[in-house]
Amino acid sequence: MGEVTGLLARWLHLTSSIFLVGGAAALLLAGPSDRPTARRWESWVLTTCRALILVALASALVAVAYHTAVLEGRAEAALEPAAITRVLLQTQGGTVWLIRAALLFLLGAFLAIRAEL
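Residues numbered from 1 in each chain as written. Predicted model: local features only at pLDDT ≥ 70, side-chain atom pairs only at ≥ 80, totals over all residues. Heavy atoms only, no water.

## Structural notes on the packing of aromatic side chains
Then, in step 1: Taken as a whole and assessed by the stated rule, the structure comprises zero aromatic pairs.
Then, in step 2: Between the NZ or CZ atom of Arg-100 and the centre of the ring of Trp-97, over which it lies, the distance is 4.7 Å. (Phe/Tyr/Trp six-rings, centres within 6.5 Å; stacked < 30°, edge-to-face > 60°. Lys NZ or Arg CZ within 6 Å of the ring centre and 35° of its normal.)

## A look at the nonpolar core
Then, in step 1: Core analysis: the biggest nonpolar cluster contains 13 residues, and Leu-20, Leu-27, Cys-49, Ile-53, Leu-104, Leu-107 and Leu-111 have the highest contact counts within it.
Then, in step 2: Contributing elements (two or more residues each) for this core: α1 (3–30), α2 (36–72) and α4 (92–116).
Then, in step 3: Each residue touching Leu-107, except ones within four places of it in the same chain, is listed here: Leu-20, Ala-24 and Ile-53.
Then, in step 4: With six residues, the next largest nonpolar core counts Ala-9, Ala-60, Val-64 and Trp-97 among its residues. (Core = buried A, V, L, I, M, F, W, Y, C linked by side-chain atoms within 4.5 Å. Buried < 20%, exposed > 50% of the residue type's maximum accessible area, 1.4 Å probe, protein only. Helix = DSSP H or I, 4+ residues; strand = E, 2+ residues; numbered from the N terminus. Contact = heavy atoms within 4.5 Å.)

## Regarding the environment of Arg-100
Then, in step 1: Locating Arg-100 in the fold gives a position in helix α4.
Then, in step 2: Look at Arg-100 and you get partly exposed, because its relative accessible area is 38%.
Then, in step 3: Taking the C-alpha atoms as reference points, Arg-100 and Gln-90, ten residues apart in sequence, are found 16 Å from one another.

## A few points about the confidence of the model for the protein
Then, in step 1: Of all residues in the protein, 96% have pLDDT values of 70 or greater, and the mean over the chain is 90.
Then, in step 2: Of all helices and strands in the protein, the one with the weakest mean pLDDT is α4 (85), whereas helix α3 (residues 81–90) scores best (94). (pLDDT = per-residue confidence, 0-100.)

## Looking at the pattern of salt bridges
Then, in step 1: Applying the stated rule across the entire model yields three salt bridges.
Then, in step 2: Ionic pairing is found between Glu-72 and Arg-74, a salt bridge with its closest N-O pair at 3.5 Å.
Then, in step 3: Here Arg-74 falls in the partly exposed class, since its relative accessible area comes to 28%.
Then, in step 4: The partner of Arg-86 in a salt bridge is Glu-72, with the nearest N and O atoms 3.0 Å apart. With Arg-86 in helix α3 and Glu-72 in helix α2, this residue pair connects regions lying 14 residues apart in the sequence.
Then, in step 5: Among the residues examined, Arg-86 registers a relative accessible area of 35% and is labelled partly exposed.
Then, in step 6: The structure contains a network of salt bridges with shared partners spanning Glu-72, Arg-74, Glu-80 and Arg-86. (Salt bridge = Lys/Arg side-chain N within 4 Å of Asp/Glu carboxyl O.)

## Regarding α3
Then, in step 1: For α3, every residue scored as buried is listed here: Ala-83, Val-87 and Leu-88. Taken end-on, α3 shows its buried residues confined to a sector of 130°, consistent with a single buried face. α3 presents Pro-81, Ala-82, Leu-89 and Gln-90 as exposed residues on the side facing more than 90 degrees away from its buried surface. (Arc of directions from axis to C-beta.)

## Quick word on the side chain of Ser-16
Then, in step 1: Mapped onto the elements of the fold, Ser-16 is located in helix α1.
Then, in step 2: Looking at Ser-16, the relative accessible area reads 3%, which means it is buried.
Then, in step 3: Separated by 2.8 Å, the side chain of Ser-16 and the backbone oxygen of Leu-12 make a polar contact.
Then, in step 4: At 3.1 Å, the side chain of Ser-16 forms a polar contact with the backbone oxygen of His-13. (Polar contact = N/O pair within 3.5 Å; in protein donor to acceptor, adjacent residues only side chain to side chain.)

Spelled out as C-alpha cells, the structure:
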C-alpha cells in the first residue's frame, strides 16, 4: 500500500464523515414536514447519508489497514487480522478509529430510525 492510498483513504473518510454529519444536522434542523418537496428532499438526504456511512466505514478500514502496515513496518500486516487487532486495541490511534466507527454506527442507527418514522 502506497502513501497515496493512505492519504486518499483518510481524505475520503474525513470528507464523507463531514458530509454525513452535515446531512444529519440538516435533517434535524429541518424537522418533519408534510409537503411533497420537503419529503423528497428528506428522502434524498437519507439515501445520501446511508451511502456516506458505507463510504466512511469502508475508507476507515482501508486507512486502518494502511496504518497497520506502516506501524508494523511491512505491507503484509495490512491484511493480517492479528496485526490490525493489535493496532486497534493497543494504540491511541486505534482507540480513536474504534470510537469513530462506533459513532458512525450510532449515527447510522439514528438515520435508520428516522427513515422508518
